[in-house]
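A look at the structure
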Amino acid sequence: MKWIQRAVLGIFLAAAAVIGVLGFTKYQARQAEAKAAEETSRKKEQIKEIYTTEYQEAVKKRLETAKESGTYTTEKMLVEQNPFGTNTLSLYVYFATEEPVSVSYVVSVPDSEIADFGGKVNQEETYTTEHEFQVIGLIPDMENTITFTLEAEDGTITTASCKYKMGSLAGEEEVQLKQTAGQTDVSSQISLPDSGLYVILGNDSDDVDFMYYYDENGTIRGEVPLIGYRSHRLVFENDRMYYSISETKIAAVNELGMVEQVYDLGNYQLHHDYVFDDDGNLLILATDTGKQTVEDCVLKLNPSTGEVSCILDLEDLLGDYKESLGMDQEEELDWIHINTIQWMGEDSILLSSRETSTIIKVQNLSTTPEIGYMMGEESFWEGTGYENLLLTKDESNGSFSSAGGQHTVTYVTDDSLPDGQYYLYLFNNNLGYSESRPDYDWSQIDQIATDLSSGTTSYYYKYKVDENAGTYTLVQSFEVPFSGYVSSAQECEDTILVDSGMQGLIGEYKEDGTLVKQFQMNLSKYYIYRVYKYDFSGYLFTE
């Protein structure tokens, strides 16, 4: 009997030990999670501080003091990493020269698999004796050599250089994107603005959020911290770069990386998109948090005064349609879901509605807004009282399916077209879904997916619109990887850039749809919202 008692006691003690170990392991896991959450919170508070006038002015003052307290030449430059906090892979550089010169730079690292990167610095004057600028494109966790080329007005060239050991990335993104198609040439220098950078807009996460720059080889060249949410695009005006840094704030950043202004939208929450009008006002898609409806307003922000006003509420134009939906007024009503805004000139804008798979032109925006036309599936609008606003499909050169849940509708003028004609191109998600219209049968649209699980193909679409005839026709299309939501398309100089956001695929295509190259980025959560290419010409670089 004693041996049985000893055995039972041994089993009990062993079980207790296992339970103790498991409990301690769970305790350690909770401690690690708490520590990670605390670190994330600390980083976010630090980023909030960066996007304040007080922080930026203090940095500016410190740099001015440093400039005045020393003599900086090509032999001894004033160099500081990311002093304004707006790009972790950048340097602030200041020096003077005896003769007026222009300045170019090239960033290189010992890794032969990473191409050299650089460009000609955009200065107030092409040739000057005082040089203050931002160098971007440094590689993390490596010693970077920055070679400066100074060219005098008579063509005389001299060079100078400095080395900088860059620290680690602040985020968890890849240094090198995985290439899934095409070839890259790392032996050739990447020069801006000739090339351009892929700007990753919205790889949303529960951690700290960033905007990322990648070069044409898929190598990281910039990491821009955000307070939260995402940036939706970069827009440039009066030597400033504007981008959203949270759901309620937009930053204006100068060529040195200094935040000159932060605009607060107050009781409005921005979403999806913004664009400048001809008067220098920023038009912003927004939600009025005082209403039950969401994503159905357009704001006007005056950058000079900071004044924010709502200039369009789509309930005023489509109120009868909204009321016909009969949705529960106690719930948040996402009845129109505008995801793109384009400025067309002559007081007109173009809006893309994902919820109705419709493109809407609004004219007389600043006076008495009215719908100029709509482009969408006829059967969707049949019987609503708005069907008379639809342009007619011109299928004389072949039939085509209506777009479903489209994103990044882009307005393009062409001097070769008569007045009243122009092009619109877009990412056709090819998903037919409307939460506010569960009764509508999307399957009547040929080959459209009606849920995420059944979707296989999205498309690049390009329409020619003829307002005079009241028609539109599909002039170009090709298949791209399926993404039911988000995503983008952008016509570049020689290719068409496509982000299939829910797959994290970034591809460049020829006009006939031939894939030139493609990269894949790890998703932090669900998708990459948009990818656009920017060359930063007239801002960081010059021709």
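Residues numbered from 1 in each chain as written. Predicted model: local features only at pLDDT ≥ 70, side-chain atom pairs only at ≥ 80, totals over all residues. Heavy atoms only, no water.

- An unreviewed UniProt entry lists the protein under the name Arylsulfotransferase N-terminal domain-containing protein, with Mediterraneibacter gnavus as the source organism.

1. Observations concerning the environment of Ser-108
- For Ser-108, the location among the structural elements is in strand E2 (residues 90-108).
- In sequence terms Ser-108 and Asn-522 are 414 residues apart; their C-alpha atoms lie 26 Å from each other.
- Once residues lying within four places of it in the same chain are set aside, the contact partners of Ser-108 are Asp-116, Glu-143, Asn-144 and Thr-145. (Helix = DSSP H or I, 4+ residues; strand = E, 2+ residues; numbered from the N terminus. Contact = heavy atoms within 4.5 Å.)

2. Let's talk about the sheet that holds strand E33 (residues 528-534)
- Taken in spatial order, the four strands line up as E11-E10-E9-E33 in an open sheet, and their pairing is antiparallel. On the outer flanks of this sheet lie strand E11 (220-226) and E33, each paired with one strand and no other. Between one strand axis and the next, the sheet turns through 20° on average, direction left out of account. (Pairing = 2+ DSSP bridges. Axes fitted to C-alpha atoms, helices over the stretch in contact; angles between N-to-C directions.)

3. Quick look at the pattern of salt bridges
- Under the criterion given, the structure shown has 20 salt bridges.
- Residue Arg-233 pairs with Asp-273 through a salt bridge whose shortest N-O separation is 2.6 Å. In this pair, Arg-233 is assigned in the loop between E11 and strand E12 (235-237) and Asp-273 in strand E16 (residues 268-276), connecting sequence segments 40 residues apart. Judged on exposure class, the residue Arg-233 and its partner Asp-273 are both buried.
- Here the residues in one salt-bridge network are Lys-291, Asp-296, Asp-313, Glu-315, Lys-322 and Glu-323, joined through shared partners. (Salt bridge = Lys/Arg side-chain N within 4 Å of Asp/Glu carboxyl O. Buried < 20%, exposed > 50% of the residue type's maximum accessible area, 1.4 Å probe, protein only.)

4. Focus: the packing of aromatic side chains
- Tallying each qualifying case throughout the model produces 32 aromatic pairs.
- Measuring from centroid to centroid gives 5.1 Å for Tyr-242 and Phe-276, while their planes differ by 75°, and the two rings are edge-to-face. Taken as a pair, Tyr-242 in strand E13 (residues 240-244) and Phe-276 in strand E16 lie far apart in primary sequence, 34 residues in all. Each member of the pair, Tyr-242 as well as Phe-276, carries the same accessibility label: buried.
- In textbook terms, an aromatic cluster arises when at least three aromatic residues are bridged by ring pairs, as seen for Tyr-321, Trp-335, Phe-380, Trp-381, Tyr-386, Tyr-440 and Trp-442.
- Sitting above the plane of the Tyr-529 ring, Arg-230 keeps its charged end 4.4 Å from the centroid.
- Sitting over the face of the ring of Phe-400, Lys-393 holds its NZ or CZ atom 4.9 Å from the ring centroid. (Phe/Tyr/Trp six-rings, centres within 6.5 Å; stacked < 30°, edge-to-face > 60°. Lys NZ or Arg CZ within 6 Å of the ring centre and 35° of its normal.)

5. What to know about unusual backbone geometry
- In this structure, the amide linkage connecting Leu-192 to the following residue, Pro-193, adopts the cis form with an omega of 10°.
- Inspection of the secondary structure puts Pro-193 in the loop between strand E8 (190-192) and strand E9 (197-203).
- In the Ramachandran plot, Phe-536 falls in the positive-phi region, its phi being about 60° despite a non-glycine side chain.
- With respect to the element layout, Phe-536 can be found in the loop between E33 and strand E34 (541-542).

6. Let's talk about the domain arrangement of the protein
- Along its sequence, the protein is organised into domain 1 (1-50), domain 2 (52-225 + 534-542) and domain 3 (227-485).
- Here the C-alpha centroids of domain 2 and domain 3 sit 34 Å apart.
- In this assembly, 22 residues from domain 2 lie in contact with 19 residues from domain 3.
- Counting the surface domain 2 buries against domain 3, the share from its top three residues, Leu-201, Tyr-534 and Tyr-539, is 31%.
- Applying the counting rule to domain 2 against domain 3 returns one salt bridge.
- Of the charged contacts in the structure, one is a salt bridge between Arg-230 and Asp-204, with a shortest N-O distance of 2.7 Å. (Domains from an automatic or database assignment. Buried area = accessible area lost by both parts, 1.4 Å probe.)

7. Here we look at the nonpolar core
- Judged by nonpolar contacts, the single largest core of 88 residues is most densely connected at Tyr-51, Tyr-105, Val-135, Phe-148, Tyr-243 and Phe-536.
- In terms of residues, this core owes the most to one element, E2, which gives nine residues.
- Built from parts of two domains, this core gets at least three residues from each of domain 2 (52-225 + 534-542) and domain 3 (227-485).
- In contact with Tyr-243, not counting residues within four places along its chain, are Tyr-51, Thr-86, Met-211, Val-224, Leu-226, Ser-231, Arg-233, Leu-234, Ile-250, Ala-251, Val-253 and Tyr-274.
- Counting residues in hydrophobic clusters, the runner-up holds 30 residues, among them Ile-336, Ile-341, Ile-349 and Phe-380. (Core = buried A, V, L, I, M, F, W, Y, C linked by side-chain atoms within 4.5 Å.)

8. Details of the pairing of strand E3 (residues 117-121)
- The buried count for E3 comes to four of five residues, which makes it a mostly enclosed element.
- For E2 and E3, the ladder comprises four bridges, and the chain directions are antiparallel. Among the inter-strand pairings, Tyr-105 is bridged to a residue of E3, identified as Gly-119.
- Judged from the three bridges that link them, E3 and E8 form a sheet pairing that is parallel. Its bridge partner lying in E8, Phe-117 is registered against Ile-190.
- Two elements, E3 and E34, share two bridges in a ladder whose sense is antiparallel. Looking at E34, one finds that Val-121 is bridged to Phe-541.

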